[in-house]
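# Fold and geometry: a report
The lines below spell out each chain.
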Amino acid sequence: MNDRIIIAMLNKEEFENAFNAIVDSYSERIYWHIRRFTDSHDDTNDLMQEVFIKIWNALPRFRGESQIYTWIY
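Residues numbered from 1 in each chain as written. Predicted model: local features only at pLDDT ≥ 70, side-chain atom pairs only at ≥ 80, totals over all residues. Heavy atoms only, no water.

### Observations concerning the pattern of salt bridges
Convention followed: Any carboxyl oxygen of Asp or Glu that lies within 4 Å of a side-chain nitrogen of Lys or Arg is treated as forming a salt bridge with it. The rule is simple: take the accessible area with a 1.4 Å probe, protein chains only, and divide by the maximum for that residue type; under 20% is buried, over 50% is exposed, in between is partly exposed.
The final tally for this structure, using the stated rule, is one salt bridge. Here Glu 65 ties to Arg 63 by a salt bridge, and the two come within 3.1 Å at their closest N and O atoms. The residues Glu 65 and Arg 63 share a single accessibility class, namely exposed.

### Notes on the packing of helix 1 (residues 3-11) against helix 2 (residues 15-35)
Quick note on the threshold: Here an angle of 0 to 180 degrees is reported between the N-to-C directions of two axes, which are lines fitted to C-alpha atoms, with helices fitted over the stretch in contact. Helix numbering and strand numbering both begin at the N terminus, where a helix is a DSSP run of H or I of at least 4 residues and a strand a DSSP run of E of at least 2. Reported orientations rely on four angle classes, namely roughly parallel under 35 degrees, roughly antiparallel over 145, roughly perpendicular from 65 to 115, and oblique for the rest. A clockwise turn of the near helix away from the far one marks a right-handed crossing, whereas an anticlockwise turn of less than a right angle marks a left-handed crossing. Whether two residues are in contact is decided by their heavy atoms, any of which lying within 4.5 Å being enough. Note on residue categories: nonpolar means Ala, Val, Leu, Ile, Met, Phe, Trp, Tyr, Cys or Pro, charged means Asp, Glu, Lys or Arg, and polar means any other residue, Gly included.
Two elements in contact, helix 1 and helix 2, have axes whose closest approach is 8 Å; the angle formed by their N-to-C orientations is 155°. The angle between helix 1 and helix 2 falls in the class roughly antiparallel. The two elements helix 1 and helix 2 cross, and the hand of that crossing is left-handed. Facing Asp 3, Ile 6, Met 9 and Leu 10 of helix 1, the residues of helix 2 in contact are Phe 15, Asn 17, Ala 18, Ala 21, Ile 22, Ser 25 and Tyr 26. Residue composition of the contact of helix 1 with helix 2, grouped by class: eight nonpolar, two polar and one charged.

### A look at the packing of aromatic side chains
Our working rule: Whether two aromatic rings pair depends on their centres lying within 6.5 Å, for rings of Phe, Tyr and Trp, where Trp uses its six-membered ring; planes under 30 degrees apart make the pair stacked, over 60 edge-to-face, and the rest tilted.
A complete count under the given rule lists six aromatic pairs for this structure. Between Phe 19 and Trp 56, the ring centres sit 5.2 Å apart and the planes meet at 75°, which makes this aromatic pair edge-to-face. Taken as a pair, Phe 19 in helix 2 and Trp 56 in helix 3 (residues 41-58) lie far apart in primary sequence, 37 residues in all. Take Trp 56: its relative accessible area is 39%, and that puts it in the partly exposed class. For the pair Tyr 69 and Tyr 73, a centre-to-centre distance of 6.4 Å together with 35° between the ring planes defines the contact as tilted. These aromatic residues form a ring-pair network of at least three members: Phe 19, Phe 52 and Trp 56.

Okay, here's the thing in structure tokens:
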């Protein structure tokens, strides 16, 4: 799903749908970004879970001034 659709969901305050779209769209990319810093699949998954918790908590404050992945990074 592209960023415009996700941002439209956020503008309509459909946070759960937007979050699910972010997870679907960016999980693999985030996984491999984190994996470069860890030696373990399990550690990567733990850190990924922490990242997604932070995304969920910050989602209402996303202003759309950048691409979603840039904001996550």
